[in-house]
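Architecture and fold: a report
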Amino acid sequence: MALRYEIYVEDRDARFHCGAEQRLLHAMQAQGLGSIPVGCKGGGCGVCRVQITQGDYETRKMSRNHVSEAEEGQGIVLSCRVIPKSDLRLRLAPKAHQTTSESAA
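Throughout, residues of each chain are indexed from 1 in the direction in which the sequence is written. Side-chain atom pairs in this predicted model are given and counted only at pLDDT of 80 or more, local residue features only at pLDDT of at least 70, and totals for whole chains, interfaces and linings cover all residues. With hydrogens and water excluded, all non-hydrogen atoms of the structure serve as input to the side-chain values.

Attention now moves to the pairing of strand β7 (residues 88–92). At least two DSSP bridges between two strands are needed for those strands to be called paired. Only runs of H or I of at least four residues qualify as helices and only runs of E of at least two qualify as strands under DSSP, and these elements are numbered from the N terminus. With three bridges connecting them, strand β1 (residues 4–9) and β7 associate as parallel partners. Its bridge partner lying in β7, V9 is registered against L90. One ladder, built from four bridges, connects strand β3 (residues 49–54) with β7; its direction is antiparallel. Counted as the bridge partner of Q54 is R89 from β7.

In this section: the confidence of the model for the protein. Scored by pLDDT, the protein has a mean of 89; 90% of the residues are at 70 or more. Segment residues 99–105 is flagged for pLDDT under 50; beyond a separation of four residues in sequence, or across chains, it makes zero contacts in the model. Note: pLDDT gives the predictor's confidence per residue, expressed from 0 to 100. Two residues form a contact once any of their heavy atoms are found within 4.5 Å.

Read from one edge of the open sheet, five strands run β2-β1-β7-β3-β5, paired in mixed fashion. At either margin of the open sheet sits one strand with a lone partner, and together these are β2 (14–19) and β5 (76–78). Taken pair by pair, the neighbouring strands of this sheet meet at an average axis angle of 40 degrees, ignoring direction. Under this scheme, a helix contributes an axis fitted over its contacting stretch, all axes are lines through C-alpha atoms, and angles between N-to-C directions fall in the 0 to 180 degree range.

This part covers the nonpolar core. In globular proteins that are soluble, nonpolar side chains generally tend to be buried together. Among buried residues, those of type Ala, Val, Leu, Ile, Met, Phe, Trp, Tyr and Cys that are joined through side-chain atoms within 4.5 Å constitute a nonpolar core. Summary of the burial criterion: residues with accessible area below 20% of their type's maximum are buried, those above 50% are exposed, and those between are partly exposed, where the area comes from a 1.4 Å probe applied to protein chains only. By size, the foremost hydrophobic cluster in this structure holds 22 residues, and its most contacted members are I7, F16, L24, I36, I52 and L90. Secondary structure elements with two or more residues in this core: β1, β2, α1 (24–30), β3, β5 and β7. Tallying contributions element by element places α1 first for this core, with four residues. Those residues in contact with I7 that sit more than four places away from it in its chain are A14, R15, F16, C18, L24, P84, L88 and L90.

Here we take up the environment of S35. Tracing the chain through its elements places S35 in the loop between α1 and β3. Sequence separation of S35 and L90 is 55 residues, and the distance between their C-alpha atoms is 11 Å. Sequence-distant contacts of S35, that is, excluding residues within four places in its chain, are made with V9, R12, A14, M28 and L92.

Attention now moves to the environment of A30. Within the element layout of this structure, A30 appears in helix α1. Exposure remark for A30: the relative accessible area of 62% places this residue in the exposed category. Along the backbone, A30 and Q51 are 21 residues apart, and their C-alpha atoms lie at a distance of 21 Å.

Structural data, given as structure tokens:
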């Protein structure tokens with residue numbers, strides 16, 4: 001019997017299930033849901049950023065252009081690169097902050 005975890009997207013009040021070896025974004029899409037925005041599905045675009053607020057998980061390599069080490073420490077990850085190790089609660093995260101000079105006007 002394969003392990004399956006319940007994933008709850010707080011700001012969408014949506015639930016879906018994810019296998020123990022499946023990535024969050026792929027599991028959501030396989031169930032025909034759209035609770036998390038979908039981009040490249042490979043960790044390079046940053047569209048699927050979420051903040052995990054509860055539960056255990058592991059991540060695959062993510063672009064530091066989209067998730068800094070500090071953000072990752074706060075539970076911000078790319079859902080296409082996350083594999084759950086327990087039931088999870090998460091919310092959508094804002095886009096990554098760009099390190100450009102916005103105050104030069």
